[in-house]
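# Tertiary structure, described
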Amino acid sequence: MAVLQLNNISKAFAGEYILNDISFTIDDRDKIGLIGSNGTGKTTLIKMILGEISSDESLSTKIKGNISFKSNIKIGYLSQNFDLNDNNTIYAEMLDVFKETLALGEKIKSINVELTLLIGEELDKKMKELAECSSIFEQNEGYSIDYKIRQVLLGLGIDERNYDKEIKYLSGGEKNRISLGKILLQEPDLLMLDEPTNHLDIKAIEWLENFLKSYKKSFLLISHDRYFLDNVINRVLEIEGKKIRSYVGNYTSFIIQKELIKRGEIKAYEKEQEKVKKMEEFIIRYKAGVKAKQARGREKLLNRMDLLENPDIKNDKIKLKFEVDTVSTDNVLSIKNLGKSYKNEIIFKNIDINIYRGNRISFIGKNGCGKSTFLKIIAKKLEKSEGEIVYGGKLNIGYYDQQHENLDKNATILEELRNNYPLSEEEARTLAGRFLFTSDDIFKVIGKLSGGEKARVSFIKLILDKPNVLILDEPTNHLDIYSKEILEEAISDYDGTILIVSHDRYFLDRISDKIYEITKNGLTSYKNIADYKIIDTSENSSNESKKEKVIDYEEQKRVKNRINSLEKRYIILEKEIDKLEVNKQNIEKNYELAGRKNDYEELIKLQNELDSADNIILEKMEEMENIELELEELKKFE
C-alpha cells in the first residue's frame, strides 16, 4: 500500500531548476536511503513533502505536479533544527510524546476512585467507561511508557543520571539525540531523518541500526554513512542531474546497479549519437543536390527525434590534496599518563601511546569520553591536567576543528584566506574554486555558511599549512559520500602522520592502521571496526551473564498488560461480593420471616439459597486471594 506518492514534482530557485519532473512512491515498510551530492535538493525534497515549501511548474511540460498521502498519515521528521522545550528536563521532554496517553491514564485512576462510591446502573455505566479507556490505554501501550523511554535514552547514550537535566543546558549534540529519541518514540507511519547519525557515537549508531531494521513502518533517511545505509535500507533513491532514480537493495547493491545501468545508457547514447552524426552528414552533403528531398526528409525526422540525454553526468567535486613541506622526525609523539579533568571530574587518565611518522591512527569512544579534548591537548589548543607529551622534531601540526573555531565568523571567505596567508585575490579565487566556491561565493561571510561550506574553508587552510601531522576531529561531518571518497584518497596519498576522531565506520576502516578506544581509564587498541565489535560484543555477553535476567520489551508489555487485567478483575470481584453480601442479607431476612410463620418449605428453599450464596462468595474470595498472589509475583518484574 502506498504511503506517499509524488507525481512530476519540480523546484527552482532564482530560475535555476534543482529538481525537475520528480516522481516516486513510498510503500508501506519501505526503508529508503535518499542520496546525492550536497546541493542536489535532498533536503528541499523533504521540505516539499512536509509542505514547508511549494513545488514549481515543470521545466518541460509547464504543469505543476502533486503529492498525495494515505489518509490520516502520521509523519515524523528529524531535521538539524531542534523543536524542544528548553525548560523541560530530558525525561519530561520524552514524556511529552505520550501526553495524550498519560492523560488517559490519569482518567483511569480517577474512574477507579469513583467506582468505590457507585452502585447499580451508575456503577455499570462507569465500569463500561473504564473498560473502554483501559482498552485504548493498553492499545497505546501506556503501561510500557517508562520502559520505552529508558530503552531509547539508553540506546542513544543518555545516562540515567542526566534525566533531570534541563534541555537549555544541553550541548547541540545532546539536543540532537533528544530530538531523535522523541521522533523514534512517536513511531510515525513515515519516519524522515536528515543525517540521524550526526552526534552519535559508534555504539549509538549500531543501536539505531537495530531499531530501524525492526521498524515496522516506512522511513526515508538522508545519510552519508555508507555502513549505516548498507545495514538499514532496502531501497535507494538517488538525485542526480535534477532527476531521481530508484534502486532496489542497500547501498552496495546500488553502486553495482548504477554502474551496470550507466554502462548500458552510455552505450545506447553513443550509438544514438553515431546515428545522429551520420544523419547530419547526409543532410549537409545532399541538402542542395540530387538527394535534396531525402535530405529534407531526414532533417524533419531528426528534428522530431526524442534524443537521449548524456548519462555521463559530471558532478562538481572538490580537489583535495595534502602536501608536506618538511619531513618530521621518526618519533612524532610520546604520550605518558596523560589525563584531563574538569571541576574535579575525571574525563580520562592513564593514556600512554607512542606515535611514529606515517602512522594513521583513529580514536573512538562514547560521547563525552574526551575524544575531541584529547586531540585539542595534542594540538596545543587545551591544557592537560596531568601526564607528559614529548613532541618530535620538525613538527608542523595541522588541526581540523569540527566546530570550525579556527575560522573568523565575521570575515568573508576571501578575507579569511588573505588575512592568514600571503595570497593575491586571484590566487585565493583559484584555490576557492577548487573547493566549489565560484564567482561571488568568496564574498560570503563565514558565520552565514552551511556546515559543509565551513568544512571546505577549513580544508583550504589545511592545504595551505602543508602540515606533516594532520589532526582531524570529525572531518567527515557535513561531507557527502563523494566528498568523503575524495578525502579518503587524499589521506591515502598523504606522506605525513594522521590522528583522527570519527564515528564513520566505513571511513575508519578505509584509512586507519590502528584504532584506539578512549575510556576513562586509558586506551584499548583494535585492528579495525570489526575487531572492536567482536570484543565489545564478547564483553557485553560476559557482563550480561552476571546480571539479573532482564525482561525484553515484549515480555515487559505482557507483564504490564497482565497486571492491569488482574487489577481490573480484582475491583470487579470486590463489587460483585458487595452485591452478593447485600443479596445474602435479604435472604436472611426472608429466612427469619419464614421461621416466624413456620413455613418449612420456604425455609428449605431459602437455606439452599443461603448455602449457594456462601459458596459463590467463597469462590470469589479465593479468586481474589489468587490474584493477590499473582500480582505480588508479577510486580517483582516491573
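Residues numbered from 1 in each chain as written. Predicted model: local features only at pLDDT ≥ 70, side-chain atom pairs only at ≥ 80, totals over all residues. Heavy atoms only, no water.

## Concerning the overall build of the protein
Counting its regular elements, the protein contains 19 helices and 18 strands. Taking 2.2 N^0.38 as the reference for a compact globule, 638 residues should give roughly 26 Å; the C-alpha atoms of the protein span a radius of gyration of 35 Å, well beyond that estimate. Its C-alpha atoms give the protein principal-axis dimensions of roughly 135 × 85 × 40 Å. The 638 residues of the protein split such that 44% are buried. (Helix = DSSP H or I, 4+ residues; strand = E, 2+ residues; numbered from the N terminus. Rg over C-alpha atoms; globule rule 2.2 N^0.38 Å. Buried < 20%, exposed > 50% of the residue type's maximum accessible area, 1.4 Å probe, protein only.)

## What about the packing of helix H5 (residues 145-155) against helix H6 (residues 172-186)?
The geometry of H5 relative to H6 is characterised by a closest axis approach of 10 Å and an angle of 140° between their N-to-C directions. Overall, the two elements H5 and H6 adopt an arrangement that is oblique. Judged by the twist between their axes, the crossing of H5 over H6 is right-handed. In contact with Lys148, Ile149, Val152 and Leu153 of H5, H6 contributes Ile178, Gly181 and Leu185. Here the contact of H5 with H6 is composed, by residue class, of 5 nonpolar, 1 polar and 1 charged. (Axes fitted to C-alpha atoms, helices over the stretch in contact; angles between N-to-C directions. Parallel < 35°, antiparallel > 145°, perpendicular 65-115°, else oblique. Left-handed = near helix turned anticlockwise from the far one by under 90°. Contact = heavy atoms within 4.5 Å. Nonpolar A, V, L, I, M, F, W, Y, C, P; charged D, E, K, R; others polar.)

## Some details on the sheet that holds strand S18 (residues 522-526)
In a beta sheet, neighbouring strands are held together by backbone hydrogen bonds and run either parallel or antiparallel to one another. Read across the open sheet, the 6 strands follow the order S14-S15-S16-S12-S17-S18; overall the sheet is mixed. The two strands at the open ends of the sheet, each matched to only one other strand, are strand S14 (397-400) and S18. When strand polarity is set aside, the average angle formed by the axes of neighbouring strands in this sheet is 20°. (Pairing = 2+ DSSP bridges.)

## Looking at the domain arrangement of the protein
Frequently, the measure chosen for interface size is the accessible area that the parts lose on association. Taken domain by domain, the protein holds domain 1 (1-74 + 189-249), domain 2 (87-187), domain 3 (257-303), domain 4 (331-536) and domain 5 (563-636). Averaged C-alpha coordinates put domain 1 and domain 2 at centres separated by 31 Å. Counting every contact that joins domain 1 to domain 2 gives 0 salt bridges. The tally of links between domain 1 and domain 2 comes to 3 residue pairs in polar contact (both at pLDDT 80 or more). Among the elements of the structure, strand S6 (190-194) and helix H7 (202-213) are those that each provide at least two residues to the side of domain 1 that touches domain 2. (Domains from an automatic or database assignment. Salt bridge = Lys/Arg side-chain N within 4 Å of Asp/Glu carboxyl O. Polar contact = N/O pair within 3.5 Å; in protein donor to acceptor, adjacent residues only side chain to side chain.)

## So, the sheet that holds strand S10 (residues 331-342)
Ordered in space as S11-S10-S13, the 3 strands form an open sheet in which the pairing is antiparallel. Either end of the sheet is taken by a strand with one partner, and the two such strands are strand S11 (345-356) and strand S13 (386-391). Taken over all neighbouring pairs, the strand axes of this sheet differ in orientation by 10° on average, direction set aside. Its contacts with the sheet put helix H11 (residues 371-378) on S10, S11 and S13, and the angle it makes with S10 is roughly 125°.

## So, the pairing of strand S16 (residues 497-501)
With 5 of 5 residues buried, S16 is to be regarded as a mostly interior element. Covered by surrounding structure in S16 are Thr497, Leu499 and Val501 together with Ile498 and Ile500, the residues of both alternating faces. Pairing between strand S12 (residues 360-364) and S16: 4 bridges, direction parallel. When the sheet's bridge partners are listed, serine 362 is paired in S16 with isoleucine 500. Following the backbone out of strand S15 (residues 469-473), through helix H15 (residues 481-493) and into the adjacent parallel S16, one traces a crossover that is right-handed. (Right-handed = clockwise from strand over helix to strand, strands pointing away.)

## Brief notes about the nonpolar core
In terms of nonpolar packing, the biggest core is built from 41 residues, with Ile178 and Leu212 touching the most fellow members. Residue assignment places this core across two domains, with domain 1 (1-74 + 189-249) and domain 2 (87-187) each supplying three or more. Ignoring sequence-local partners within four residues, the contact set of isoleucine 178 consists of Leu84, Ile90, Glu93, Met94, Leu153, Ile158, Ile167 and Leu170. Among the nonpolar cores identified, the runner-up in size contains 36 residues, and Ala432, Ile442, Leu479 and Ile498 belong to it. (Core = buried A, V, L, I, M, F, W, Y, C linked by side-chain atoms within 4.5 Å.)

## Here we look at helix H1 (residues 42-50)
Inspection of H1 places Lys42, Thr44, Leu45, Ile46, Met48 and Ile49 among the buried residues, and these make up the whole buried set. Glycine 51 lies just past H1 and shows a positive phi near 80°.

## Let's talk about the pairing of strand S2 (residues 16-27)
Pairing analysis gives 8 bridges linking strand S1 (residues 2-13) to S2, with the strands arranged antiparallel. Each bridged residue has a counterpart across the sheet, and for glutamine 5 the counterpart in S2 is threonine 25. The antiparallel pairing of S1 with S2 creates a hairpin that spans 2 residues between the two strands, and alanine 14 there sits at a positive phi of about 55°.

## Remarks on the packing of helix H12 (residues 413-420) against helix H14 (residues 451-465)
Where H12 contacts H14, the two axes come as close as 11 Å, and the packing angle between them is 20°. For the element pair H12 / H14, the angle class is roughly parallel. Relative to H14, the crossing made by H12 is right-handed. Here H12 contributes Ile413, Glu416, Leu417 and Asn420 to the contact with H14, which in turn contributes Val457, Ile460, Lys461 and Leu464. For the contact of H12 with H14, the per-class residue count stands at 5 nonpolar, 1 polar and 2 charged.

## Here we look at the packing of aromatic side chains
Here the structure, examined in full by the defined rule, presents 15 aromatic pairs. On the numbers, 6.0 Å between centres and 25° between planes, the contact of phenylalanine 363 with tyrosine 516 is stacked. Of the two residues, phenylalanine 363 sits in strand S12 while tyrosine 516 sits in strand S17 (residues 514-519), which places them 153 residues apart along the sequence. Take phenylalanine 363: its relative accessible area is 0%, and that puts it in the buried class. Owing to a relative accessible area of 14%, tyrosine 516 belongs among the buried residues under this scheme. Note on tyrosine 526 and tyrosine 532: the rings are 5.1 Å apart at their centroids and 85° apart in plane angle, and the pair reads as edge-to-face. Residue classification places tyrosine 532 among the buried residues on the basis of a relative accessible area of 3%. The positively charged end of lysine 380 is found above the aromatic ring belonging to tyrosine 391, 4.4 Å away from the centroid. Over the face of the ring belonging to phenylalanine 437 we find arginine 456, whose NZ or CZ atom lies 4.5 Å from the ring centre. (Phe/Tyr/Trp six-rings, centres within 6.5 Å; stacked < 30°, edge-to-face > 60°. Lys NZ or Arg CZ within 6 Å of the ring centre and 35° of its normal.)

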